[in-house]
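Take a look at the letters that make up each chain.
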Amino acid sequence: GGQASIRFLGYQTPERLRTLYRGARALITPSISYEVFPLVVLEAFQQGIPIIARRLGPYPELVKASGDGLLFADRAALEAAIRSLTSDAARRDAMADAAHRAFRTKWSETVALTTYFDLIRSVAARRGLHAVADAFPPTSPPDPASRAQSLLYGTSDLARNTTGPDVPGKHL
């Protein structure tokens, strides 16, 4: 920092992070190296916070896919982006709505788990592992997170291995 308005908070609990995001006008991600898919962006999108990101790595694609956020390549562009989102409430609100909508439709836990379960089902079906494929029906469960927990903690038939015999030598 060096400025009274900048504080380094260190580790924050998920609950505290949600509170901090809700009070933010934007998330600034001034990364100077490539990142694959920054979790901080998903956290901001989940709370409906637009991003201001360096035009580097995944950020241009994330901004395009979400319809949310501004990109910068230099200090002048960063300052212009900050001014834009702090002075234009309508633009900021539109980007906030886009961020939240993108999270819900592209990157939420439900979307990710549904896609993951669909992949497991299709690979299992192709490999003849019908007990596994049947445990992941093509119509996604209403709550994929609950389905994942039941598989992880052994409360599903698949986790207890009661859906059929083991198939030696066959793996997903």
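Going by the structure above, here's the rest.
Comments concerning the layout of surface pockets
Piece 1. A volume near 910 Å³ is recorded for the largest pocket.
Piece 2. Along its surface, the largest pocket is lined by 23 residues, and S5, I6, R7, A26 and I28 are the ones closest to its centre.
Piece 3. If you list the elements that add at least two residues to the lining of the largest pocket, you get helix 1 (14-22), strand 1 (27-29) and helix 4 (75-87).
Piece 4. Residue composition of the lining of the largest pocket, by class: 14 nonpolar, seven polar and two charged.

Concerning the sheet that holds strand 3 (residues 70-72)
Piece 1. Reading across the sheet, the three strands line up as 1-2-3 and stay open at both edges, with parallel pairing between neighbours. Because the sheet does not close on itself, it has two edges, and the strands there are strand 1 and strand 3. Neighbouring strand axes in the sheet, compared pairwise and without regard to direction, differ in orientation by 15° on average.
Piece 2. Here strand 1 pairs with strand 2 (residues 51-54) via three bridges, running parallel.

Some points on the nonpolar core
Piece 1. Within the largest apolar cluster, 15 residues are counted, with the highest numbers of intra-cluster contacts made by L27, V41, A44, F45, I51 and Y59.
Piece 2. For this core, the secondary-structure elements that each account for two or more residues are helix 2 (39-46), strand 2, helix 3 (59-66) and helix 5 (89-107).
Piece 3. Per element, the largest residue contribution to this core is four residues, and it comes from helix 2.
Piece 4. Ranked by size, the runner-up nonpolar core spans nine residues in total, among them I120, V132, A133 and F136.

Digging into the packing of helix 3 against helix 5
Piece 1. Where helix 3 contacts helix 5, the two axes come as close as 9 Å, and the packing angle between them is 95°. It follows from the interaxial angle that helix 3 and helix 5 lie roughly perpendicular. Judged by residue contacts, L62, A65 and S66 of helix 3 engage A98, A102, K106 and W107 from helix 5.
Piece 2. For the contact of helix 3 with helix 5, the residue count by class is five nonpolar, one polar and one charged.

The rules we used
Residues numbered from 1 in each chain as written. Predicted model: local features only at pLDDT ≥ 70, side-chain atom pairs only at ≥ 80, totals over all residues. Heavy atoms only, no water. 1 Å grid on protein atoms, 1.4 Å probe; cavity = no way out; pocket = protein on both sides within 12 Å on 5 of 7 lines; lining within 4 Å. Points joined across faces, edges and corners; volume = space filled by probe spheres on them. Helix = DSSP H or I, 4+ residues; strand = E, 2+ residues; numbered from the N terminus. Nonpolar A, V, L, I, M, F, W, Y, C, P; charged D, E, K, R; others polar. Pairing = 2+ DSSP bridges. Axes fitted to C-alpha atoms, helices over the stretch in contact; angles between N-to-C directions. Core = buried A, V, L, I, M, F, W, Y, C linked by side-chain atoms within 4.5 Å. Buried < 20%, exposed > 50% of the residue type's maximum accessible area, 1.4 Å probe, protein only. Parallel < 35°, antiparallel > 145°, perpendicular 65-115°, else oblique. Contact = heavy atoms within 4.5 Å.

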